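# Notes for the structure review
Residues per chain are reported as follows:
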Amino acid sequence: MSQLKLEILLDMANKVSAPLKAMQADTKGLTGVLREARGELRQIENAQRLADKIRKDQLALRDLGKELGIAKAKAKETGEAMAAVGPKTQEQIKAFDKARDTAGKLKERYEQLRAEIDQQKSKLEASAAGTRNLELADRKLAVSQTAAQKAVEQHSAALKRHQLAVQTTAER
């Protein structure tokens with residue numbers, strides 16, 4: 001008789017624990033989905049930051065291009081002034097060297113910034129945001145971000161409801 005009682009008790013325990021085990025598995029699944037949604041949201045936010053940096057760097061590049069144009073014009077003007085005068089003075093040579101060096105440094109910085117922007121654009125393209133039109137990319141990212149945030153909120157709510165159901169079932 002004790003064997004029968006033991007089997008009945010174990011059977012009842014299995015019947016009670018089976019739904020709890022199923023709920024626990026569901027909770028793990030919801031947690032994974034939530035983690036993925038948060039990861040997607042993080043990627044979108046990174047792409048938005050990168051698009052903002054590209055825009056800022058493009059403005060800096062434009063300004064640097066203007067400075068470079070002025071520096072080149074000054075170096076050319078100084079060189080032409082030196083060529084027009086017979087013997088060159090130390091002061092003229094120093095002024096020309098300084099103007100040439102300034103233009104060279106600005107050109108180097110310009111090329112470096114141009115390369116950085118190209119690299120950033122490649123990263124943004126890889127994130128599927130696109131860089132042809134940064135405003136359009138921003139709008140796409142904003143829509144994606146909103147969708148990802150809603151997904152995170154929905155999955156969080158579902159996980160909370162599921163955990164509450166597990167807790168309620170466990171208390172019975």
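Residues numbered from 1 in each chain as written. Predicted model: local features only at pLDDT ≥ 70, side-chain atom pairs only at ≥ 80, totals over all residues. Heavy atoms only, no water.

Here the focus is the overall build of the protein chain. Broken down by element type, the protein chain carries three helices and zero strands. For the protein chain, the N- to C-terminal ordering of α and β elements is α-α-α. Taking 16 Å as the expected radius of gyration for a compact globule of 172 residues, we find that the protein chain reaches 33 Å, considerably beyond that expectation. In the protein chain, buried positions account for 23% of the 172 residues. Long-range pairs, those at least 24 residues apart, make up 79% of the contacts in the protein chain with a sequence separation of at least 6. Of the roughly 12500 Å² of accessible surface on the protein chain, 56% is carried by carbon and sulfur atoms. Taking the average location of the 33 positive side-chain charges in the protein chain and that of its 24 negative ones, the two points are 2 Å from each other. (Helix = DSSP H or I, 4+ residues; strand = E, 2+ residues; numbered from the N terminus. Rg over C-alpha atoms; globule rule 2.2 N^0.38 Å. Buried < 20%, exposed > 50% of the residue type's maximum accessible area, 1.4 Å probe, protein only. Contact = heavy atoms within 4.5 Å. Areas by Shrake-Rupley, 256 points an atom, 1.4 Å probe, with all protein chains shown as cover. Lys, Arg positive; Asp, Glu negative; His and termini not counted. Charge placed at Lys NZ, Arg CZ, Asp CG, Glu CD.)

Let's shift gears to the side chain of Gln48. In this fold, Gln48 is placed in helix 1 (residues 2-84). Discounting chain neighbours no more than four positions away, the residues touching Gln48 are Leu141, Ala142 and Gln145.

Let us now look at the side chain of Gln120. Relative to the helices and strands, Gln120 resides in helix 2 (residues 90-126). Engagement of the side chain of Gln120 in a polar contact is seen with the side chain of Asp57, the distance being 3.0 Å. (Polar contact = N/O pair within 3.5 Å; in protein donor to acceptor, adjacent residues only side chain to side chain.)

All right, on to the nonpolar core then. In this structure, Ile54, Leu106, Leu113, Ile117 and Leu124 are the most contacted members of the largest nonpolar core, which totals 17 residues. Residue assignment for this core shows that the elements contributing at least two residues are helix 1, helix 2 and helix 3 (134-171). Discounting chain neighbours no more than four positions away, the residues touching Leu106 are Leu64, Glu67, Leu68 and Ala71. (Core = buried A, V, L, I, M, F, W, Y, C linked by side-chain atoms within 4.5 Å.)

Read these as layout, nothing more, since geometry by itself doesn't imply function.
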